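# Examination of the molecular architecture
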Amino acid sequence: MDRAKAQTDLPRRPTSVTTFYYGACPVCDREIANYRRAAAGHRELLWRDVDSCPDALACFGVDTREARRRLHVIDRNGVLQSGVDAFIAIWRELPGYRWLAWLVGIPGLHGLAGLVYDHMLVPALQSWNTHRAAGAA
C-alpha cells in the first residue's frame with residue numbers, strides 16, 4: 001500500500017473546539033462573551049447557543065434540557081466534555097486562561113470544582129433562570 005493512501009485512511013481529528021452554551025441565561029451568555037473576546041481571531045474556537053441548534057448534541061445522548069443545564073464542549077479529539085471539564089477545555093485554548101485550566105485540573109481541586117459547579121452553581125442558575133422566565137411570561 002502506498003504511503004499517501006495509508007495516510008488518507010487515518011481517521012481525521014477535529015481541528016476546532018465547539019462550545020455549546022445556553023444563551024438565554026444572562027450569566028452564561030456574559031461568561032461566553034468574555035471567552036469570545038479573549039479568543040478574538042482564534043478561528044478554531046466555535047460558539048453555539050443550544051437554542052439555535054437544539055439537537056446538535058443528540059448524537060452524544062444529550063437532550064436539549066441537559067444541554068441548557070450544563071456547559072458542553074466538543075474538544076479537539078471529538079470528545080464531549082461537560083461541566084468543569086468543558087470549562088477546562090475552553091481555558092486550555094485561551095492564552096490568558098491556560099493557568100486556570102492547569103489549576104482546576106489538579107485532581108483534588110478538580111473534584112471540588114466539579115462539586116461546586118454541579119451542586120451549587122447549576123441549581124442556582126437553573127432556579128434563577130426559571131424565576132426570570134416566569135416573571136417575563
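None of these values were measured; they are calculated from a predicted model. (Residues numbered from 1 in each chain as written. Predicted model: local features only at pLDDT ≥ 70, side-chain atom pairs only at ≥ 80, totals over all residues. Heavy atoms only, no water.)

### Structural notes on the nonpolar core
Put simply, the rule reads: Grouping buried Ala, Val, Leu, Ile, Met, Phe, Trp, Tyr and Cys residues that are joined through side-chain atoms within 4.5 Å yields what is termed a nonpolar core. Each residue's exposure class comes from its accessible area (1.4 Å probe, protein chains only) as a fraction of the maximum for that residue type: buried when under 20%, exposed when over 50%, partly exposed otherwise. Each helix is a run of H or I in the DSSP string that is no shorter than four residues. Each strand is a run of E no shorter than two, and both are numbered from the N terminus. Contact criterion: two residues are considered in contact whenever any of their non-hydrogen atoms come within 4.5 Å of each other.
Judged by nonpolar contacts, the single largest core of 22 residues is most densely connected at Tyr 35, Trp 47, Leu 71, Ile 90 and Trp 91. Residue assignment for this core shows that the elements contributing at least two residues are β1 (17-21), α2 (26-38), β2 (45-49), α4 (84-93), α5 (98-104) and α6 (107-136). A total of seven residues in this core trace back to one element, the largest contributor, which is α4. If we ignore the near neighbours within four places in the chain, the residues touching Leu 71 are Thr 19, Phe 20, Tyr 21, Ile 32, Gln 81, Ser 82, Gly 83, Ala 86, Phe 87, Ile 90 and Tyr 117. Tyr 22, Cys 25, Val 62 and Ile 74 belong to the second largest nonpolar core, which has eight residues in total.

### A word on the packing of α2 against α6
This is how it is decided: A fitted line through C-alpha atoms represents every axis, and for helices the fit uses only the stretch in contact; the resulting angles, taken between N-to-C directions, go from 0 to 180 degrees.
Here α2 crosses α6 at 115°, and the two axes come no closer than 9 Å. Taking contact as the criterion, the partners of Pro 26, Val 27 and Cys 28 in α2 are, on α6, Leu 125, Trp 128, Asn 129 and Arg 132.

### Considering the pairing of β2
When a strand is regular, its side chains alternate between the sheet's two faces. Applied cut-off: When DSSP locates at least two bridges between a pair of strands, those strands are taken to pair. Crossovers are marked right-handed if the path from the first strand over the helix to the second runs clockwise, as seen with the strands pointing away from the viewer.
When β1 meets β2, the two strands line up parallel, connected through five bridges. Among the inter-strand pairings, Val 17 is bridged to a residue of β2, identified as Leu 45. As for the winding sense of the linkage, the β-α-β connection from β1 through α2 to β2 is right-handed.

### A closer look at the layout of surface pockets
Our working rule: Buriedness for pockets is judged along seven lines, at least five of which must meet protein on both sides within 12 Å for an open set on the 1 Å grid over protein atoms alone, while cavities are sets there where a 1.4 Å probe fits but cannot get out, and lining residues have an atom within 4 Å of a point. Grid points are joined across faces, edges and corners, and a volume is the space filled by probe spheres set on the points. Amino acid classes used here: Ala, Val, Leu, Ile, Met, Phe, Trp, Tyr, Cys and Pro are nonpolar; Asp, Glu, Lys and Arg are charged; the rest, including Gly, are polar.
Taken as a whole, the largest pocket spans an internal volume of roughly 680 Å³. Surrounding the largest pocket, 30 residues form its lining, Cys 28, Arg 69, Tyr 117, Val 122 and Leu 125 being those nearest its centre. Every element with two or more residues in the lining of the largest pocket is listed here: β1, α2, α3 (64-69), α4 and α6. The element contributing the most residues to the lining of the largest pocket is α6, with eleven residues. Here the lining of the largest pocket is built from residues that sort into 21 nonpolar, three polar and six charged. Roughly 160 Å³ of volume is contained in the second largest pocket.

### A closer look at the side chain of Asn 129
Tracing the backbone through its elements, the reader meets Asn 129 in helix α6. Asn 129 gets classed as buried once you look at its relative accessible area, which sits at 11%. Here Asn 129 is in contact with Tyr 22, Ala 24, Cys 25 and Pro 26, once residues within four sequence places are set aside.

### So, a nonpolar patch on the surface
Quick reminder of the rule: Every patch collects residues that have over 30% relative accessible area and no salt bridge, joining them within 9 Å if they carry like charges and within 5 Å if they are nonpolar side chains (Val, Leu, Ile, Met, Phe, Trp, Tyr). Per-residue and other accessible areas were derived by the Shrake-Rupley procedure at a 1.4 Å probe size, with only the shown protein chains allowed to occlude residues. By salt bridge we mean one thing: a side-chain nitrogen of Lys or Arg within 4 Å of a carboxyl oxygen of Asp or Glu.
A grouping of Trp 102, Ile 106, Leu 109, Leu 112, Val 116, Met 120 and Leu 121 is seen on the molecular surface, where their side chains present a nonpolar patch of about 670 Å² in accessible area. By residue number, the principal contributor to the nonpolar patch is α6, which donates five residues. With respect to the secondary-structure elements, Val 116 resides in helix α6. With relative accessibility at 30%, the residue Val 116 sits in the partly exposed group.

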